Amino acid sequence: MFYYLLKYVLLGPLLRLVFRPRIEGLAHVPSSGAAIVAGNHLSFSDHFLMPAVLKRRITFLAKAEYFTGPGLKGRLTAFFFHSAGQIPVDRSGKEAGQAAIREGLGVLSKGELLGIYPEGTRSHDGRLYKGKVGVAVMALKAGVPVVPCAMIGTFEAQPPGRKIPRIHPVVIRFGDPMDFSRYQGMEKEKAVLRAVTDEIMYAILSLSEQEYVDRYAADVKAADEKRKAEEKRRAPRMPLR
């Protein structure tokens, strides 16, 4: 109930009024039945803008940190994400990927829409990064189509670290549903999973026209943070007077 209150009364109209997103290819999203909507992830705003424009309810796999914050703010954030139909997924540890897949398959088994960001995290620089194969595992196991989606302009509207979005033109573009039934029963083949994932990422890239990086975003982020820390450590210190 609260999901539809957010979508049609509290948040959806405000997002449409402020961002005035241009929607392209909405007819590509199936009007019924299970399907995966796989998109790029540029901004915190993505979690709300895409559901606001879809005619159907969509459930996203969201990082567990959104549900475990301390204090009143943390409890309010957790309530908001739970009420909006988002599912917490622990991204740490060996079982993290399997837990996400189980949760996603549960959504699809109900004939619902599942939203997923194959990159696994937000892009820190606006580029599109290598996708993780969980999206392929779910598509093949559930036997459902994958609808590629590109969020355009949300990075400029709310880049990492910016709490309040700025006004910036936003385009939400959906592509043709992708059918992977030719790989039925091959969800344990690593080469197949990589090929399916790469095909999905190429479809997203074609829609978004981003620069592509054939590395995982989390690895690039970690390397950048390590480099910056090293540069800071090596930087000469000003003498005290």
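Above this text you will find the structure in question.
Position numbers for residues count from 1 along each chain, tracking the sequence in the order it is written. Since the coordinates come from a predicted model, pLDDT governs what is reported: local features require at least 70, and pairs of side-chain atoms require 80 or more to be given and counted, while whole-chain, interface and lining totals use all residues. Hydrogens are left out, water is left out, and the side-chain values use all remaining heavy atoms of the structure.

Draft legend 1. A look at the overall build of the protein. Comment: elements are numbered from the N terminus, with helices defined as DSSP H or I runs of at least four residues and strands as E runs of at least two. When you go through the protein residue by residue, the secondary structure sums to 9 helices and 9 strands. To sort residues, take the accessible area from a 1.4 Å probe on protein chains only and compare it with the maximum for the residue type: under 20% means buried, over 50% means exposed, and anything in between is partly exposed. Classification of the 241 residues of the protein by burial places 46% in the buried group. Within the protein, counting contacts between residues at least 6 apart in sequence, those at least 24 apart form 78% of the total. Per-residue and other accessible areas follow the Shrake-Rupley method at a 1.4 Å probe size, with only the shown protein chains counted as cover for residues. For the protein, the exposed surface amounts to about 13,400 Å²; the carbon and sulfur share of it is 57%. Contacts are residue-level and defined by heavy atoms, with any inter-residue pair within 4.5 Å sufficient.

Draft legend 2. Focus on the pairing of strand 7 (residues 146-152). Burial analysis of strand 7 places 6 of its 7 residues in the buried class, which makes it a mostly covered element. In this scheme, strands are said to pair when DSSP sees at least two bridges between them. The pairing of strand 2 (residues 35-39) with strand 7 spans 4 bridges and is classified as parallel. Its bridge partner being in strand 7, Ile36 is matched across the sheet by Val146. Looking at chain direction, strand 7 and strand 8 (residues 171-174) are connected through 4 bridges and run antiparallel. Bridge assignment links Ile152 to a residue of strand 8, and that residue is Val171.

Draft legend 3. Representation of the environment of Met178. Along the chain, the position of Met178 falls in the loop between strand 8 and helix 8 (190-208). When near neighbours in sequence (up to four residues on either side) are disregarded, Met178 contacts Pro145, Val146, Pro148, Glu199, Ile200 and Ala203.

Draft legend 4. Expanded view of a nonpolar patch on the surface. Nonpolar side chains (Val, Leu, Ile, Met, Phe, Trp, Tyr) within 5 Å and like charges within 9 Å form the patches, drawn only from residues with over 30% relative accessible area and no salt bridge. Salt bridges are identified by distance alone: a Lys or Arg side-chain nitrogen within 4 Å of an Asp or Glu carboxyl oxygen. Where nonpolar side chains cluster on the molecular surface, the patch consists of Leu14, Leu17, Val18 and Ile167 and spans about 380 Å² of accessible area. When you line up the elements, Ile167 lands in the loop between helix 7 (154-157) and strand 8. Judged by relative accessible area, which is 63%, Ile167 ranks as exposed.

Draft legend 5. Unusual backbone geometry, seen in detail. Notably, Glu209 is not glycine yet its phi reads approximately 60°, a positive angle. By the element assignment, Glu209 lies in the loop between helix 8 and strand 9 (212-213). Glu209 sits in the exposed class, given a relative accessible area of 68%.

Draft legend 6. Structural detail: helix 3 (residues 46-53). Among the 8 residues that make up helix 3, 8 are buried, leaving the element largely enclosed by the rest of the structure. Listing the buried residues of helix 3 in full gives Asp46, His47, Phe48, Leu49, Met50, Pro51, Ala52 and Val53.

Draft legend 7. Just the packing of aromatic side chains, in detail. Two rings from Phe, Tyr or Trp (for Trp, the six-membered ring) form a pair when their centres sit within 6.5 Å of each other. Planes less than 30 degrees apart are called stacked, planes more than 60 degrees apart edge-to-face, and all others tilted. Evaluation of the coordinates by the stated rule reveals 2 aromatic pairs. With a centroid separation of 5.3 Å and 65° between ring planes, the pair formed by Phe44 and Phe48 is classed as edge-to-face. The buried category is assigned to Phe48, whose relative accessible area is 17%. On the basis of an interplanar angle of 20° and a centroid distance of 5.3 Å, the ring pair of Phe60 and Tyr117 is categorised as stacked. A residue pair is termed long-range when its members are at least 10 positions apart, and Phe60 in strand 3 (residues 58-63) and Tyr117 in the loop between strand 5 (113-116) and strand 6 (128-129) qualify at 57 residues. Accessibility expressed as a relative area gives 0% for Phe60, which makes it buried. Using a relative accessible area of 9% as the deciding quantity, one classes Tyr117 as buried.

Draft legend 8. Seen up close, the sheet that holds strand 4 (residues 87-89). Spatial strand order, 1-8-7-2-5-3-4: 7 strands in an open sheet with mixed pairing. Strands with a single pairing partner mark the edges of an open sheet, and in this sheet they are strand 1 (22-24) and strand 4. Here the strands of the sheet are splayed against their neighbours by 25° on average, with no regard to which way each runs. The pairing of strand 3 with strand 5 spans 3 bridges and is parallel. The partner of Phe60 across the bridge, within strand 5, is Gly115. Sitting on the sheet, helix 3 touches strand 1, strand 2, strand 3, strand 7 and strand 8, and the angle it makes with strand 8 is about 65°. For helices, the fitted axis covers only the stretch in contact; all axes are lines through C-alpha atoms, and the angles between them, taken along N-to-C directions, range from 0 to 180 degrees. Docked against the sheet, helix 6 (residues 134-142) engages strand 2, strand 3, strand 5 and strand 7, running at close to 165° with respect to strand 2.

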